[in-house]
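# Residue-level structure breakdown
So you can see what is in the structure, the chains are spelled out below.
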Amino acid sequence: MTDLASGPIPDPAHHPAYRACRENITRLVTSHPSVAELPVPACPGWSVRDLVGHLVLVCRMAVDEDPGEISEPPPPPPGIPVEELVITWAALEEQLPEVLPRAEWLRRRILPLDALSHELDLRTALGLPPPAGSPALADALDLAVMGFTLSLHGHGLPALRVRTPEREWTAGEGEPAATVGGGALEVFRALTGRRTVRQIAELSWSTSPAPWLPAFTWGPFTPPTRAVEEGAPTLMGPDRHSGT
(Lines give C-alpha, C1' and ligand atoms only; values in the text may rest on other atoms or scores of the structure.)
Protein backbone atom coordinates (compact mmCIF):
# COMPACT_ATOMS: atom_id res chain seq x y z
CA MET A 1 0.00 0.00 0.00
CA THR A 2 0.92 3.64 -0.44
CA ASP A 3 2.69 5.31 2.49
CA LEU A 4 -0.22 7.02 4.26
CA ALA A 5 2.02 9.48 6.08
CA SER A 6 3.66 11.13 3.11
CA GLY A 7 0.98 10.51 0.50
CA PRO A 8 1.41 9.86 -3.20
CA ILE A 9 2.91 12.22 -5.75
CA PRO A 10 0.24 14.69 -6.98
CA ASP A 11 -1.72 13.26 -9.90
CA PRO A 12 -2.96 15.81 -12.48
CA ALA A 13 -5.74 13.38 -13.46
CA HIS A 14 -7.73 14.12 -10.30
CA HIS A 15 -9.31 17.27 -11.68
CA PRO A 16 -10.36 15.85 -15.09
CA ALA A 17 -11.87 12.82 -13.32
CA TYR A 18 -13.80 15.14 -11.00
CA ARG A 19 -14.95 17.28 -13.93
CA ALA A 20 -16.22 14.20 -15.77
CA CYS A 21 -18.38 13.30 -12.76
CA ARG A 22 -19.66 16.88 -12.43
CA GLU A 23 -20.61 17.01 -16.10
CA ASN A 24 -22.38 13.66 -15.89
CA ILE A 25 -24.30 14.68 -12.78
CA THR A 26 -25.23 18.05 -14.25
CA ARG A 27 -26.62 16.41 -17.37
CA LEU A 28 -28.66 13.95 -15.34
CA VAL A 29 -30.14 16.41 -12.82
CA THR A 30 -31.16 18.92 -15.49
CA SER A 31 -32.76 16.30 -17.74
CA HIS A 32 -36.27 16.89 -16.38
CA PRO A 33 -37.78 19.39 -13.89
CA SER A 34 -39.12 16.64 -11.62
CA VAL A 35 -35.72 15.02 -11.07
CA ALA A 36 -34.76 17.44 -8.27
CA GLU A 37 -37.45 16.13 -5.92
CA LEU A 38 -36.70 12.42 -6.28
CA PRO A 39 -35.38 10.62 -3.19
CA VAL A 40 -31.87 9.14 -3.23
CA PRO A 41 -32.07 5.69 -1.57
CA ALA A 42 -28.30 5.52 -0.97
CA CYS A 43 -28.45 8.80 0.98
CA PRO A 44 -31.43 8.44 3.37
CA GLY A 45 -33.39 11.65 3.75
CA TRP A 46 -31.81 13.30 0.73
CA SER A 47 -33.46 14.37 -2.49
CA VAL A 48 -31.54 14.81 -5.73
CA ARG A 49 -31.42 18.53 -4.92
CA ASP A 50 -29.79 17.74 -1.57
CA LEU A 51 -27.22 15.52 -3.27
CA VAL A 52 -26.20 18.31 -5.63
CA GLY A 53 -26.16 20.80 -2.76
CA HIS A 54 -23.77 18.54 -0.88
CA LEU A 55 -21.43 18.35 -3.87
CA VAL A 56 -21.45 22.14 -4.21
CA LEU A 57 -20.55 22.51 -0.52
CA VAL A 58 -17.67 20.03 -0.80
CA CYS A 59 -16.33 21.82 -3.88
CA ARG A 60 -16.64 25.19 -2.14
CA MET A 61 -14.69 23.89 0.87
CA ALA A 62 -11.91 22.81 -1.49
CA VAL A 63 -11.85 26.09 -3.42
CA ASP A 64 -11.95 28.19 -0.24
CA GLU A 65 -9.23 25.93 1.22
CA ASP A 66 -11.48 25.51 4.25
CA PRO A 67 -9.53 23.73 6.98
CA GLY A 68 -12.61 21.68 7.98
CA GLU A 69 -13.00 17.96 7.35
CA ILE A 70 -14.06 17.83 3.71
CA SER A 71 -15.52 14.34 4.00
CA GLU A 72 -18.05 15.62 6.57
CA PRO A 73 -19.41 18.96 5.30
CA PRO A 74 -22.44 20.65 6.88
CA PRO A 75 -25.91 19.65 5.64
CA PRO A 76 -26.76 20.94 2.16
CA PRO A 77 -28.85 24.13 2.11
CA PRO A 78 -32.55 23.51 1.37
CA GLY A 79 -34.65 25.04 -1.36
CA ILE A 80 -32.02 26.24 -3.82
CA PRO A 81 -33.08 25.30 -7.39
CA VAL A 82 -30.97 22.60 -8.99
CA GLU A 83 -30.37 24.85 -12.00
CA GLU A 84 -28.75 27.43 -9.71
CA LEU A 85 -26.73 24.80 -7.88
CA VAL A 86 -25.17 23.35 -11.03
CA ILE A 87 -24.22 26.84 -12.26
CA THR A 88 -22.51 27.55 -8.94
CA TRP A 89 -20.80 24.17 -9.02
CA ALA A 90 -19.42 24.74 -12.52
CA ALA A 91 -18.03 28.14 -11.51
CA LEU A 92 -16.37 26.66 -8.42
CA GLU A 93 -14.91 23.75 -10.35
CA GLU A 94 -13.19 26.14 -12.77
CA GLN A 95 -11.08 27.31 -9.83
CA LEU A 96 -9.87 23.84 -8.84
CA PRO A 97 -6.84 23.73 -11.18
CA GLU A 98 -5.35 26.63 -9.21
CA VAL A 99 -6.23 25.19 -5.79
CA LEU A 100 -5.57 21.45 -6.11
CA PRO A 101 -1.78 21.58 -6.68
CA ARG A 102 -1.27 23.08 -3.22
CA ALA A 103 -4.02 21.07 -1.49
CA GLU A 104 -3.25 18.27 0.95
CA TRP A 105 -3.06 15.00 -0.98
CA LEU A 106 -6.04 13.38 0.74
CA ARG A 107 -8.29 16.33 -0.09
CA ARG A 108 -7.28 16.14 -3.76
CA ARG A 109 -8.29 12.52 -3.88
CA ILE A 110 -11.48 12.74 -1.83
CA LEU A 111 -13.04 15.12 -4.33
CA PRO A 112 -13.36 12.64 -7.23
CA LEU A 113 -14.19 9.78 -4.84
CA ASP A 114 -17.07 11.79 -3.38
CA ALA A 115 -18.29 12.90 -6.81
CA LEU A 116 -18.18 9.37 -8.23
CA SER A 117 -19.94 7.92 -5.18
CA HIS A 118 -22.78 10.38 -5.56
CA GLU A 119 -22.94 10.03 -9.33
CA LEU A 120 -23.55 6.33 -8.75
CA ASP A 121 -26.11 7.15 -6.03
CA LEU A 122 -27.88 9.45 -8.47
CA ARG A 123 -27.92 6.90 -11.27
CA THR A 124 -29.47 4.35 -8.94
CA ALA A 125 -32.12 6.88 -7.90
CA LEU A 126 -32.94 7.50 -11.58
CA GLY A 127 -32.90 3.82 -12.49
CA LEU A 128 -29.86 4.23 -14.72
CA PRO A 129 -26.81 1.97 -15.09
CA PRO A 130 -23.37 3.07 -13.86
CA PRO A 131 -21.16 4.97 -16.32
CA ALA A 132 -18.97 2.91 -18.59
CA GLY A 133 -15.28 3.35 -17.81
CA SER A 134 -15.44 6.25 -15.35
CA PRO A 135 -12.02 7.97 -15.16
CA ALA A 136 -12.56 8.46 -11.42
CA LEU A 137 -13.00 4.80 -10.49
CA ALA A 138 -9.41 3.51 -10.38
CA ASP A 139 -8.09 6.17 -8.02
CA ALA A 140 -11.30 6.28 -5.97
CA LEU A 141 -11.06 2.54 -5.40
CA ASP A 142 -7.40 2.84 -4.43
CA LEU A 143 -8.28 5.51 -1.86
CA ALA A 144 -11.17 3.43 -0.54
CA VAL A 145 -8.80 0.50 0.02
CA MET A 146 -6.48 2.83 1.95
CA GLY A 147 -9.34 3.83 4.23
CA PHE A 148 -10.34 0.20 4.64
CA THR A 149 -6.74 -0.61 5.59
CA LEU A 150 -6.94 1.86 8.47
CA SER A 151 -10.23 0.31 9.52
CA LEU A 152 -8.70 -3.17 9.57
CA HIS A 153 -5.90 -1.84 11.78
CA GLY A 154 -8.38 -0.10 14.08
CA HIS A 155 -10.38 -3.30 14.49
CA GLY A 156 -7.23 -5.35 15.11
CA LEU A 157 -7.98 -7.57 12.10
CA PRO A 158 -5.50 -9.48 9.94
CA ALA A 159 -4.66 -8.29 6.46
CA LEU A 160 -7.04 -8.99 3.60
CA ARG A 161 -6.22 -9.32 -0.08
CA VAL A 162 -8.63 -7.24 -2.16
CA ARG A 163 -8.86 -8.34 -5.77
CA THR A 164 -10.61 -7.09 -8.89
CA PRO A 165 -10.11 -8.38 -12.44
CA GLU A 166 -7.73 -5.47 -13.07
CA ARG A 167 -5.86 -4.97 -9.79
CA GLU A 168 -4.92 -6.38 -6.41
CA TRP A 169 -4.15 -4.79 -3.05
CA THR A 170 -3.06 -5.92 0.38
CA ALA A 171 -5.28 -4.13 2.88
CA GLY A 172 -3.66 -4.25 6.29
CA GLU A 173 -0.27 -5.32 7.56
CA GLY A 174 1.50 -8.59 6.89
CA GLU A 175 0.53 -11.61 4.84
CA PRO A 176 -3.18 -11.58 3.89
CA ALA A 177 -5.21 -14.15 5.80
CA ALA A 178 -7.95 -14.22 3.15
CA THR A 179 -9.00 -12.79 -0.20
CA VAL A 180 -12.13 -10.90 -1.20
CA GLY A 181 -12.84 -10.15 -4.82
CA GLY A 182 -15.36 -8.83 -7.27
CA GLY A 183 -15.76 -6.33 -10.06
CA ALA A 184 -14.08 -2.98 -9.47
CA LEU A 185 -17.36 -1.10 -9.17
CA GLU A 186 -18.83 -3.74 -6.87
CA VAL A 187 -15.81 -3.67 -4.55
CA PHE A 188 -15.87 0.13 -4.52
CA ARG A 189 -19.52 0.23 -3.52
CA ALA A 190 -18.92 -2.37 -0.81
CA LEU A 191 -16.06 -0.32 0.64
CA THR A 192 -18.03 2.94 0.58
CA GLY A 193 -21.21 2.05 2.44
CA ARG A 194 -23.49 1.14 -0.46
CA ARG A 195 -23.76 -2.61 0.14
CA THR A 196 -25.46 -4.38 3.03
CA VAL A 197 -23.53 -6.83 5.16
CA ARG A 198 -25.28 -9.64 3.27
CA GLN A 199 -24.25 -8.18 -0.08
CA ILE A 200 -20.67 -7.79 1.11
CA ALA A 201 -20.69 -11.43 2.20
CA GLU A 202 -21.85 -12.36 -1.31
CA LEU A 203 -18.61 -11.12 -2.84
CA SER A 204 -16.05 -13.78 -3.68
CA TRP A 205 -14.39 -14.70 -0.36
CA SER A 206 -11.73 -17.34 0.15
CA THR A 207 -13.05 -18.05 3.65
CA SER A 208 -15.86 -16.92 5.90
CA PRO A 209 -16.10 -13.09 5.71
CA ALA A 210 -17.48 -12.78 9.24
CA PRO A 211 -14.27 -11.58 10.98
CA TRP A 212 -13.76 -8.74 8.46
CA LEU A 213 -17.33 -7.46 8.16
CA PRO A 214 -17.02 -4.90 11.03
CA ALA A 215 -14.20 -3.15 9.14
CA PHE A 216 -16.61 -2.17 6.35
CA THR A 217 -17.84 0.54 8.72
CA TRP A 218 -15.21 3.28 8.56
CA GLY A 219 -14.99 7.05 8.17
CA PRO A 220 -18.36 8.30 6.88
CA PHE A 221 -19.33 4.85 5.53
CA THR A 222 -21.69 2.33 7.12
CA PRO A 223 -23.32 -0.61 5.33
CA PRO A 224 -27.06 0.08 4.97
CA THR A 225 -29.54 -2.14 6.80
CA ARG A 226 -31.53 -2.61 3.60
CA ALA A 227 -30.22 -2.87 0.04
CA VAL A 228 -30.11 0.53 -1.68
CA GLU A 229 -29.19 -0.98 -5.05
CA GLU A 230 -28.72 -4.39 -6.55
CA GLY A 231 -25.18 -5.68 -6.54
CA ALA A 232 -23.66 -7.09 -9.71
CA PRO A 233 -23.42 -10.89 -9.75
CA THR A 234 -20.07 -12.21 -8.53
CA LEU A 235 -18.65 -15.03 -10.61
CA MET A 236 -18.16 -18.23 -8.70
CA GLY A 237 -14.54 -19.31 -8.56
CA PRO A 238 -12.07 -21.34 -6.56
CA ASP A 239 -11.96 -18.70 -3.81
CA ARG A 240 -15.73 -18.48 -3.43
CA HIS A 241 -17.06 -19.01 0.10
CA SER A 242 -20.79 -18.82 0.54
CA GLY A 243 -20.97 -18.83 4.33
CA THR A 244 -20.98 -15.85 6.67
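Criteria and cut-off values
- Residues numbered from 1 in each chain as written.
- Predicted model: local features only at pLDDT ≥ 70, side-chain atom pairs only at ≥ 80, totals over all residues.
- Heavy atoms only, no water.
- Phe/Tyr/Trp six-rings, centres within 6.5 Å; stacked < 30°, edge-to-face > 60°.
- Helix = DSSP H or I, 4+ residues; strand = E, 2+ residues; numbered from the N terminus.
- Buried < 20%, exposed > 50% of the residue type's maximum accessible area, 1.4 Å probe, protein only.
- Expected span 1.5 Å × (residues − 1).
- 1 Å grid on protein atoms, 1.4 Å probe; cavity = no way out; pocket = protein on both sides within 12 Å on 5 of 7 lines; lining within 4 Å.
- Points joined across faces, edges and corners; volume = space filled by probe spheres on them.
- Nonpolar A, V, L, I, M, F, W, Y, C, P; charged D, E, K, R; others polar.
- Axes fitted to C-alpha atoms, helices over the stretch in contact; angles between N-to-C directions.
- Parallel < 35°, antiparallel > 145°, perpendicular 65-115°, else oblique.
- Left-handed = near helix turned anticlockwise from the far one by under 90°.
- Contact = heavy atoms within 4.5 Å.
- Pairing = 2+ DSSP bridges.
- pLDDT = per-residue confidence, 0-100.

A few words now on the packing of aromatic side chains. Per the counting criterion, the structure on display carries five aromatic pairs. Here phenylalanine 148 and phenylalanine 216 contribute two aromatic rings whose centre-to-centre distance is 4.7 Å and whose plane-to-plane angle is 45°, an arrangement assigned as tilted. In this pair, phenylalanine 148 is assigned in helix α6 (residues 137-154) and phenylalanine 216 in the segment after β4 (204-205), connecting sequence segments 68 residues apart. Exposure class is identical for phenylalanine 148 and phenylalanine 216. Each is buried.

An α-helix turns once every 3.6 residues. As a result, residues three or four positions apart point the same way. The end-to-end C-alpha distance of α6 is 25 Å, a good match for the 26 Å that 18 residues give at a rise of 1.5 Å each. Across the 18 residues that make up α6, a large majority, 13, are buried. Downstream of α6 by one or two residues, glycine 156 has phi in the positive range, about 65°.

The next point concerns the layout of surface pockets. There is about 870 Å³ of room inside the largest pocket. As for the largest pocket, its lining consists of 38 residues, of which Ser71, Trp218, Gly219, Pro220 and Phe221 are closest to the centre. Secondary structure elements with two or more residues in the lining of the largest pocket: α2 (48-63), α5 (105-125) and α6. Looking at which element gives the most residues to the lining of the largest pocket, the answer is α5, with seven residues. Classifying every residue of the lining of the largest pocket by side-chain character gives 25 nonpolar, nine polar and four charged.

At a minimum axis distance of 9 Å, the contact between helix α1 (residues 14-29) and α5 shows a crossing angle of 25°. Between α1 and α5, the angle is such that the two are roughly parallel. When you trace α1 past α5, the crossing you get is left-handed. From α1, His14, Ala17, Tyr18, Cys21, Asn24, Ile25, Arg27, Leu28 and Val29 reach across to α5, where they touch Arg108, Arg109, Leu111, Pro112, Ala115, Leu116, Glu119, Leu122 and Arg123. Its residues assigned to classes, the contact of α1 with α5 shows 11 nonpolar, two polar and five charged.

With that settled, consider empty space enclosed by the protein. The tally for this structure, following the rule as stated, stands at one cavity of 30 Å³ or more. One number sums up the size of the largest cavity: a volume of about 30 Å³. Here the lining of the largest cavity is built from residues that sort into seven nonpolar, no polar and no charged.

Taking strand neighbours across the sheet as the criterion, the four strands line up as β2-β1-β3-β4 in an open arrangement whose pairing is mixed. If you trace the sheet from one side to the other, it starts and ends with β2 (168-171) and β4, each paired once. One ladder, built from four bridges, connects strand β1 (residues 160-163) with strand β3 (residues 178-181); its direction is parallel. When the sheet's bridge partners are listed, arginine 163 is paired in β3 with glycine 181. Contacts from α6 reach β1 and β2, with the element oriented near 25° to β2.

Put simply, the protein has an average pLDDT of 89, and 90% of its residues get 70 or more. Note on residues 1-10: pLDDT is under 50 here. Beyond four places in sequence and across chains, it has 18 contacts.

Alternating residues of β3 divide into Ala178 and Val180 and Thr179 and Gly181, and every residue in both groups is buried. Here two bridges tie β3 to β4, and the two strands are oriented antiparallel to one another. Directly across from valine 180, in β4, lies its bridge partner tryptophan 205.

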